Amino acid sequence: MTDSSLVGQAAVDQLLEVLDLAPTGAMSFRGMSPPVGPQRVYGGQVAGQALVAAGRTVDPERVVHSLHGYFVRAGDPVEPIEYEVENIRDGRSFSVRRSVALQHGKPIFFMSASFQRPEEGLDHHAPLPPDVPGPESVPTMTDRLSRYPERLGIWGQIPRPIDVRYVGEPGWVRPGDRPADPHQRVWMRIDGKLPDDPLLHACALTYASDLTLLDSVLSVHGEVWGPGGVVGASLDHALWFHRPFRADEWFLYDCWSPSASGARGLATGRMFTVAGSQIASAVQEGLLRRVGG
């Protein structure tokens, strides 16, 4: 089995097309999924598109600082996704929007997002985790996939607009090949050049934030995804943006899980630039169920 997925700037350009929603009204938009993808819409895609829809109804001088969303139905990747935005409030400093993604007249995802007029204030953040090798010192996705050709599956077909480099073992290795680790740390960047629009970078980061976060729950137990391991789905997702950043520059996604019970796992993560600035924080809960080999 060979890796024939779209990568680099070509994959990034396709991602930009996915995030470029078509307006269907003053507060409504239509989005599409990539022509090749998984059997259900990737959660980061619908979250990123929902943020695009919300952001296009807000004064561009106000930047998104947080979003909170719920995944309520699996999305069909062959059907368009309709986005309806509600203006909750425009205040002197903040704007709040509710963005709902619909297919067949039913919501598959909904999000509240808040945007702020830039202000000065107190400034501090946690330090970058120590002793983490840089992105150029850890294996590429292609290097890791070459060790597990039977696990290539959909990864060898779908576009990969994000350069993902795991510091430790990823969750898609063979059962028994993953040592337990309380943290999952991954270097990421959009694998090409993005325009300078800050909203677009926030949407790209939102897209990336759903990719590996839930895997940190499995990492605690040395578990893996798929046969002989666990299947899962995102239930909700929250993201806070702290400082300006570029999603096409390297950032470390430092993830861990404080709790898992009742077939649900909670994961949290922090994102740092190479220079050590914390740019975002994420929290997600997911449904996790064991499957046979």
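Residues numbered from 1 in each chain as written. Predicted model: local features only at pLDDT ≥ 70, side-chain atom pairs only at ≥ 80, totals over all residues. Heavy atoms only, no water.

(A) Geometry of the side chain of S281. Looking at the secondary structure, you find S281 in strand 12 (residues 278–290). The class for S281 is buried, based on a relative accessible area of 16%. Of note is the side chain of S281, whose polar atom sits 2.9 Å from the side chain of Q278. What S281 contacts, discounting residues up to four positions off in sequence, is A238, L239, W240, H242, G269 and R270. (Helix = DSSP H or I, 4+ residues; strand = E, 2+ residues; numbered from the N terminus. Buried < 20%, exposed > 50% of the residue type's maximum accessible area, 1.4 Å probe, protein only. Polar contact = N/O pair within 3.5 Å; in protein donor to acceptor, adjacent residues only side chain to side chain. Contact = heavy atoms within 4.5 Å.)

(B) Broad picture of the layout of surface pockets. As a volume, the second largest pocket reaches approximately 960 Å³. Taken together, 31 residues make up the lining of the second largest pocket; nearest its centre are V63, F241, H242, R243 and P244. At the level of secondary structure, the elements contributing two or more residues to the lining of the second largest pocket comprise strand 3 (63–71), strand 6 (106–116), helix 4 (198–209) and strand 9 (230–241). The greatest single-element share of the lining of the second largest pocket, amounting to four residues, is contributed by helix 4. Within the lining of the second largest pocket, the residues separate by chemical class into 14 nonpolar, nine polar and eight charged. (1 Å grid on protein atoms, 1.4 Å probe; cavity = no way out; pocket = protein on both sides within 12 Å on 5 of 7 lines; lining within 4 Å. Points joined across faces, edges and corners; volume = space filled by probe spheres on them. Nonpolar A, V, L, I, M, F, W, Y, C, P; charged D, E, K, R; others polar.)

(C) Spatial organisation of the nonpolar core. Of all hydrophobic cores here, the largest spans 66 residues; its most connected members are L51, Y83, F109 and F241. Contacts of F109, omitting those with residues within four sequence positions, involve V46, A47, A50, G69, Y70, F71, V72, S99, V100 and A101. Membership of the second largest hydrophobic core comes to five residues, among which are V132, V138, W187 and L252. (Core = buried A, V, L, I, M, F, W, Y, C linked by side-chain atoms within 4.5 Å.)

(D) Quick look at the pairing of strand 9. Relative to strand 9, strand 3 runs antiparallel, the two being bridged by five bridges. The residue of strand 9 that forms the bridge with L67 is L239. Both strand 9 and strand 12 contribute to a ladder of eleven bridges, which runs antiparallel. Along strand 12, the bridge assignment pairs W240 with S281. (Pairing = 2+ DSSP bridges.)

(E) Quick peek at the side chain of Q45. Within the secondary structure, Q45 sits in helix 2 (residues 43–55). Since its relative accessible area comes to 4%, Q45 is described here as buried.

These figures come from the coordinates and say nothing about function on their own.
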